[in-house]
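These are the residues of each chain, in order.
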Amino acid sequence: MADALLGKYRSLYAKARVVLERWSAAQTRATNLVDSVASIYERLAHLSETSRYGPLADSFPDLPAMTRDAQYAALDRVLAALEDELERLKEETKTREEASAREIRRLNVALRGAMRAAEKSGTDDDASGSDAETRGGEKRAPSTPSARERRLEIEVSTLRRALERRLN
């Protein structure tokens with residue numbers, strides 16, 4: 001039972017890692033677009049000075065205006081791409097939040113079911129009220145989790161905390 005739960009947590013963690021990688025890539029693209037916007041904006045300030053064109057401004061009087069217009073057009077394209085990227089990030093966030101909430105609820109239900117089953121199997125044997133007796137009158141020590149079960153519980157709780165931190 002613990003192996004199945006651990007498998008579910010590992011699966012959820014793997015899904016979260018893929019989402020995090022997609023989010024990171026989208027964030028990198030958005031950051032690059034913001035850098036492009038800043039670069040274009042800085043160039044626009046310098047392009048407004050016709051003295052920077054030197055003798056080309058005398059030979060081509062429309063050059064400063066054409067260059068500024070081209071930079072404005074580039075700025076519009078980059079801002080539109082940035083807006084699209086931000087919309088994708090927003091949609092990805094909403095989709096993942098909904099899916100993650102469903103997956104966490106399912107895991108919690110499975111975990112509660114496993115805990116109940118473990119408690120029930122422990123209480124069925126102890127119906128007589130004595131922890132030292134079993135069916136058939138054999139003596140046994142009170143039930144304690146094995147070292148493996150304790151490690152699995154620790155690993156599950158660690159995975160759960162890490163997953164909740166990443167999803168929040």
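Please read all numbers here as calculations on a predicted model, not as lab measurements.

Quick notes on the rules
Residues numbered from 1 in each chain as written. Predicted model: local features only at pLDDT ≥ 70, side-chain atom pairs only at ≥ 80, totals over all residues. Heavy atoms only, no water. Helix = DSSP H or I, 4+ residues; strand = E, 2+ residues; numbered from the N terminus. Buried < 20%, exposed > 50% of the residue type's maximum accessible area, 1.4 Å probe, protein only. Contact = heavy atoms within 4.5 Å. Areas by Shrake-Rupley, 256 points an atom, 1.4 Å probe, with all protein chains shown as cover. Salt bridge = Lys/Arg side-chain N within 4 Å of Asp/Glu carboxyl O. Core = buried A, V, L, I, M, F, W, Y, C linked by side-chain atoms within 4.5 Å. Polar contact = N/O pair within 3.5 Å; in protein donor to acceptor, adjacent residues only side chain to side chain. pLDDT = per-residue confidence, 0-100.

### With respect to the overall build of the chain
Regarding its fold elements, the chain presents 4 helices and 0 strands. With 168 residues in all, the chain has 23% of them scored as buried. For the chain, the proportion of contacts with a sequence separation of at least 24, taken over those separated by at least 6, is 71%. Roughly 12,100 Å² of accessible area belongs to the chain as shown, and the carbon and sulfur atoms make up 55% of that amount.

### Examining the pattern of salt bridges
Applying the stated criterion across every chain yields a total of 4 salt bridges. Across the pair R29 and E85 runs a salt bridge, and its minimum N-O distance is 2.9 Å. Linking R29 in helix α1 (residues 2-47) with E85 in helix α3 (residues 63-125), this pair joins segments that are 56 residues apart in sequence. Here E85 falls in the buried class, since its relative accessible area comes to 5%. R52 is the salt-bridge partner of E49, the closest N and O atoms lying 3.2 Å from each other. In this structure, a network of salt bridges that share partners links the residues R29, E85 and R88.

### Observations regarding the nonpolar core
Formed by A26, A30, L33, V37, I40, L44, A74, L75, V78, L82 and L89, the largest nonpolar core amounts to 11 residues. Ranked by the residues each element gives to this core, the list is headed by α1, at 6 residues. Residues contacting L33, with those up to four places away along its chain left out, are V78, A81, L82 and E85.

### Observations concerning the environment of A110
When you line up the elements, A110 lands in helix α3. Look at A110 and you get buried, because its relative accessible area is 18%. Separated by 106 residues in sequence, A110 and A4 place their C-alpha atoms 9.4 Å apart. Apart from the residues within four sequence positions on either side, A110 is in contact with L5 and K8.

### Considering the environment of Q71
With respect to the element layout, Q71 can be found in helix α3. Sequence separation between Q71 and R43 is 28 residues, and the spatial gap between their C-alpha atoms is 8.0 Å. When near neighbours in sequence (up to four residues on either side) are disregarded, Q71 contacts I40, R43, L44 and L47. Polar side-chain contacts of Q71 include one of 2.9 Å to the side chain of R43.

### Quick look at the confidence of the model for the chain
Averaged over every residue, the pLDDT of the chain is 77; the share at 70 or more is 78%. Across residues 124-142, confidence stays below pLDDT 50; counting only partners more than four residues off in sequence or on other chains, it has 18 contacts.

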